[in-house]
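Residues per chain are reported as follows:
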Amino acid sequence: MKILFLAPHPFYQERGTPIAVDLLLKTLSARGDTIELVTFHEGEEKQYAGVTIHRIPALPWVRNIRPGFSWKKLAGDVLLAFKALRLASRNRFQVVHAVEESVFIAMVIRFLFGVPYVFDMDSSMPMQIIEKMPALSVAAPFLRFFEALAARKSRAVVAVCDALADIARAGGARQVFVLRDISLLPAGYAPLAPPTAAAALPEVEHPCLIYIGNLEAYQGIDLMLKSFAALLKSEPRACLEIIGGNEKTIAQYRRQCADLGIAPRVRFFGPRPPADMARFFTRADILISPRVKGVNTPMKIYSYLQSGKPVLATDLPTHTQVLDGATALLAAPEPEAFAAAMLELVRNPALGRQLAERAAALAGEKYSWRAYQHTALQIYQQIENDVKRMSADAQRH
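**Regarding the overall build of the protein chain**
When you go through the protein chain residue by residue, the secondary structure sums to 14 helices and 13 strands. If one aligns the C-alpha atoms of the protein chain with their principal axes, the spans along those axes are about 75 × 40 × 40 Å. Relative to its full complement of 397 residues, the protein chain shows a buried share of 54%. Once local pairs closer than 6 in sequence are excluded, the contacts in the protein chain between residues at least 24 apart make up 67%. For the protein chain, the accessible area works out to roughly 17700 Å², and carbon and sulfur atoms hold 55% of it.

**Side note on the pattern of salt bridges**
Applying the stated criterion across every chain yields a total of 16 salt bridges. With a closest N to O distance of 2.7 Å, R31 and D33 form a salt bridge. For R31, a relative accessible area of 23% translates into the label partly exposed. Take D33: its relative accessible area is 3%, and that puts it in the buried class. Of the charged contacts in the structure, one is a salt bridge between R169 and D166, with a shortest N-O distance of 3.1 Å. Residue R169 and its partner D166 are located together in helix 6 (residues 162-170), separated by three residues, close to a single helical turn. Taking relative accessible area as the criterion, R169 reaches 45% and is therefore assigned partly exposed.

**Here we look at the pairing of strand 5 (residues 117-121)**
Counting buried positions over the five residues of strand 5 gives five, a clear majority of the element. Residues Y117, F119 and M121 point to one face of strand 5 and V118 and D120 to the other, with burial holding for every one of them. Relative to strand 5, strand 4 (residues 95-99) runs parallel, the two being bridged by four bridges. Bridging across to strand 5, V96 finds its partner in Y117. Since strand 4 and strand 5 lie parallel, the crossover through helix 3 (residues 103-113) that links them has a hand, and here it is right-handed. Examined bridge by bridge, strand 5 and strand 6 (residues 156-159) share four bridges and lie parallel to one another. From the neighbouring strand, F119 faces strand 6, where its bridge partner is V157.

**Digging into the environment of P236**
Along the chain, P236 turns up in the loop between helix 7 (221-234) and strand 9 (239-243). Sequence separation between P236 and R265 is 29 residues, and the spatial gap between their C-alpha atoms is 8.7 Å.

**Remarks on the packing of aromatic side chains**
The tally for this structure, following the rule as stated, stands at seven aromatic pairs. Note on F145 and F146: the rings are 5.2 Å apart at their centroids and 85° apart in plane angle, and the pair reads as edge-to-face. The class for F145 is partly exposed, based on a relative accessible area of 47%. F146 sits in the partly exposed class, given a relative accessible area of 31%. With 5.0 Å between their ring centres and 75° between their planes, F269 and F280 make a pair best called edge-to-face. One end of the pair, F269, is in strand 10 (residues 266-270); the other, F280, is in helix 9 (residues 277-281), and 11 residues separate them in sequence. In this structure F269 comes out as buried when scored by relative accessible area, which is 15%. Among the aromatic side chains, those forming a connected cluster through ring pairs are F142, F145 and F146. Between K2 and the ring centre of F93, over which it is positioned, the NZ or CZ distance is 5.6 Å. A cation sits over an aromatic face here: K46 above Y12, 4.4 Å from the ring centre.

**Examining helix 5 (residues 140-153)**
In this model, helix 5 (14 residues) spans 20 Å end to end at C-alpha, consistent with the 20 Å of a helix rising 1.5 Å per residue. The set of residues buried in helix 5 consists of A140, E147, A148, L149, A150 and A151. Of the surrounding secondary structure, the elements contacted by the buried residues of helix 5 are helix 3, strand 5, helix 4 (125-132), strand 6 and helix 6.

**Topic: a positive patch on the surface**
Together, R110, R152, K153 and R174 give the surface a local cluster of positive charge. Here K153 lies in helix 5. Judged by its relative accessible area of 36%, K153 falls in the partly exposed class.

**Digging into the confidence of the model for the protein chain**
Per-residue confidence for the protein chain gives a mean pLDDT of 91, with 97% of residues at or over 70. Segment residues 194-199 is flagged for pLDDT under 50; beyond a separation of four residues in sequence, or across chains, it makes five contacts in the model.

**Description of the sheet that holds strand 11 (residues 286-289)**
In sheet architecture, strand pairing relies on hydrogen bonds along the backbone and comes in two forms, parallel and antiparallel. One open sheet holds the six strands; their spatial order is 10-9-8-11-12-13, and the pairing between them is parallel. A single partner strand is all that each edge strand has here, and the edge strands are strand 10 and strand 13 (329-331). Adjacent strand axes in the sheet meet at a mean angle of 25° when their direction is disregarded. In the sheet, strand 8 (residues 208-212) pairs with strand 11 via three bridges, with the strands oriented parallel. Bridging across to strand 11, Y211 finds its partner in I288.

Cut-off values and rules
- Residues numbered from 1 in each chain as written.
- Predicted model: local features only at pLDDT ≥ 70, side-chain atom pairs only at ≥ 80, totals over all residues.
- Heavy atoms only, no water.
- Helix = DSSP H or I, 4+ residues; strand = E, 2+ residues; numbered from the N terminus.
- Buried < 20%, exposed > 50% of the residue type's maximum accessible area, 1.4 Å probe, protein only.
- Contact = heavy atoms within 4.5 Å.
- Areas by Shrake-Rupley, 256 points an atom, 1.4 Å probe, with all protein chains shown as cover.
- Salt bridge = Lys/Arg side-chain N within 4 Å of Asp/Glu carboxyl O.
- Pairing = 2+ DSSP bridges.
- Right-handed = clockwise from strand over helix to strand, strands pointing away.
- Phe/Tyr/Trp six-rings, centres within 6.5 Å; stacked < 30°, edge-to-face > 60°.
- Lys NZ or Arg CZ within 6 Å of the ring centre and 35° of its normal.
- Expected span 1.5 Å × (residues − 1).
- Patch = residues over 30% accessible without salt bridge, like charges linked within 9 Å, V, L, I, M, F, W, Y side chains within 5 Å.
- Lys, Arg positive; Asp, Glu negative; His and termini not counted.
- Charge placed at Lys NZ, Arg CZ, Asp CG, Glu CD.
- pLDDT = per-residue confidence, 0-100.
- Axes fitted to C-alpha atoms, helices over the stretch in contact; angles between N-to-C directions.

Written as structure tokens, this is what we have:
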């Protein structure tokens with residue numbers, strides 16, 4: 001197929017949605033599709049067979065675009081729309097694959113050029129906007145109407161989790177697929193193997209709790225730090241290692257650690273590539289996902305499952321559509337409850353081993369690269385069949 005692929009974010013970067021786009025591009029490239037990818041000006045260069053990457057112009061005031069809604073991202077979207085429309089006017093695409101808010105650009109392309117589109121739903125845009133800017137809650141019905149319209153007019157919605165698939169179905173989508181993220185740990189990962197480059201990391205202290213991910217507010221970093229402060233009252237030798245974030249967010253949470261009196265027991269390692277996850281996992285006694293907002297499952301959860309280490313997560317739909325009491329310890333998103341769960345895992349290693357063993361089995365069965373490829377290829381074969389049938393029907397009439 002000839003696909004116009006819209007990715008409205010920096011590409012490539014080592015974070016959720018760009019990683020998901022990379023996985024799908026690898027799969028479609030191997031399938032033999034021809035793809036024109038339109039994306040932002042920031043990010044590492046990537047090469048795939050059959051894929052041409054088009055970047056928007058680099059504006060001097062649009063830099064360091066972070067996840068979630070922002071005016072910088074909106075400016076990038078406008079530029080992406082112009083480039084996508086120009087490509088659509090000059091090429092005969094069979095389908096547009098539109099990630100997140102670029103679906104509204106795809107709707108315009110469908111109207112002007114008759115090209116069907118696939119809505120790649122990595123998050124609920126109304127939910128994301130309102131969580132970041134509560135003042136816009138008055139516009140929630142308006143935002144939800146347009147999200148539902150985008151789902152309804154699509155040839156298919158490809159959702160990253162069950163909760164988003166339910167939103168798409170409620171909006172009237174004619175066809176909904178679920179394409180989950182996967183573990184990013186390397187093939188042959190051994191949970192108990194020693195780190196390959198231990199000398200590059202400081203000596204670890206135990207019990208060691210590790211968080212991996214960005215440091216945006218929705219991730220529940222405040223909850224994690226307050227809970228850890230409570231844990232230290234019972235387990236003063238515990239340490240917390242945080243991997244991810246940028247200079248601004250790390251500085252913000254360093255100050256919070258100082259205010260809580262826990263700074264000596266917390267280490268910030270900054271952003272690290274997925275290839276480093278295995279090294280950190282070997283250090284961990286507990287892996288933490290304290291997310292408090294959103295419904296999509298954090299990508300790190302799939303690697304956490306494969307890690308061979310017990311997982312502690314908030315008892316919210318963002319986690320419970322993948323995790324349950326058999327594969328993770330789930331706790332209410334409140335400091336007292338979350339701290340109690342930390343303490344339970346620290347003092348009951350047998351429970352942690354049981355959870356970790358069942359989680360690793362689940363990851364191998366459902367969240368491997370092979371499982372992802374199988375599902376993605378099935379989805380795109382169905383989309384291709386539908387597009388060909390549409391084209392044949394149009395020619396007959």
